[in-house]
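What the coordinates show
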Amino acid sequence: YCLDVMEVSNTSFITFLDARASEGFPNADDEGRPLYDFEDDDDDVPARIIDQGDGTYGATDGYGDHPVVEVYHWAAAAYCAAQGKLLPTEAQWEKAARGTGDARFPWGDDAPDCGLANIRPGAEGVGPDGEVVEPCVGDTVAGGSYPGIIGPFGHLDLAGNAAEWVHDWYLDDYYAAAADTDPLGPDSGWSDNIPGGGG
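Since this is a predicted model, take the numbers as computed values, not measurements. (Residues numbered from 1 in each chain as written. Predicted model: local features only at pLDDT ≥ 70, side-chain atom pairs only at ≥ 80, totals over all residues. Heavy atoms only, no water.)

1. A few points about the state of the cysteines
Across all of its chains, the model carries one disulfide by this definition. Residue cysteine 114 pairs covalently with cysteine 136 via a disulfide, S to S 2.0 Å. What sets the handedness of the cysteine 114 and cysteine 136 disulfide is the S-S torsion sign, and at about -95° it is left-handed. Of this pair, cysteine 114 sits in the loop between helix 3 (90-98) and helix 4 (174-177) while cysteine 136 sits in the loop between helix 3 and helix 4, and the two are 22 residues apart along the sequence. Among the residues examined, cysteine 114 registers a relative accessible area of 41% and is labelled partly exposed. Relative accessible area serves as the criterion here: at 23%, cysteine 136 is assigned to the partly exposed category. (Disulfide = S-S within 2.5 Å. Helix = DSSP H or I, 4+ residues; strand = E, 2+ residues; numbered from the N terminus. Buried < 20%, exposed > 50% of the residue type's maximum accessible area, 1.4 Å probe, protein only.)

Right, here's the structure in full:
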């Protein structure tokens, strides 16, 4: 399988939104569900795509090359389908991020810091060991801003900056009983289609 080298940018997603609007589906998939969360009232991540009110969309100045956020799982899948692609399974994504070894992160086992990735803490501002963690930037940065940190297969931004959707459900203990080769993910599990709440 192949995985894009970088996350989808706002500009790329805007091209998709514009195409959908020109087909008579402004900010909607084939089932009428929104593709982008213009309401953006569920989290502290500001919307970076603007509905220009004339059937077209634009990016907030300076954010065109930042990774798109505020998209739903079905929107990510629809974007991929429009490109002739699929969302990767979690196992495919993890292999791209970890390689064939057992490193914890794309760069190895060193704990993440602001020199390695654009990280931000969870809602409580607490890191994995209970320490207080401040965000590196407090916002997204342009894709590829950490070119010195390249994943084992040449991918950028596989840690930090923005959460990424995968095809399958999440289940804590799935891999304990999963197939060793190309596991497809559990049939059910945790899901959250709110853009700011899951991913």
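2. Looking at the pattern of salt bridges
The tally for this structure, following the rule as stated, stands at seven salt bridges. Between aspartate 30 and arginine 20 there is a salt bridge, and its shortest N-O distance comes to 2.8 Å. With aspartate 30 in the loop between helix 1 (10-22) and strand 1 (49-51) and arginine 20 in helix 1, this pair connects stretches of sequence that are ten residues apart. Judged by its relative accessible area of 63%, aspartate 30 is exposed. A salt bridge links glutamate 94 to arginine 98; the nearest nitrogen and oxygen atoms lie 3.1 Å apart. One end of the pair, glutamate 94, and the other, arginine 98, are both in helix 3, four residues apart, so they sit about a helical turn from each other. Each of Arg20, Glu23 and Asp30 takes part in a single network of salt bridges with overlapping partners. (Salt bridge = Lys/Arg side-chain N within 4 Å of Asp/Glu carboxyl O.)

3. Topic: the packing of helix 1 against helix 2 (residues 73-82)
Geometrically, a packed helix pair is captured by the angle between its two axes and the distance between the axes. Remark: helix 1 packs on helix 2, axes separated minimally by 11 Å, with the N-to-C direction vectors making an angle of 80°. It follows from the interaxial angle that helix 1 and helix 2 lie roughly perpendicular. Contact residues: helix 1 offers Ser12, Phe13 and Phe16, while helix 2 offers Ala75, Ala78, Tyr79 and Ala82. The residue inventory of the contact of helix 1 with helix 2, partitioned by class, reads six nonpolar, one polar and no charged. (Axes fitted to C-alpha atoms, helices over the stretch in contact; angles between N-to-C directions. Parallel < 35°, antiparallel > 145°, perpendicular 65-115°, else oblique. Contact = heavy atoms within 4.5 Å. Nonpolar A, V, L, I, M, F, W, Y, C, P; charged D, E, K, R; others polar.)

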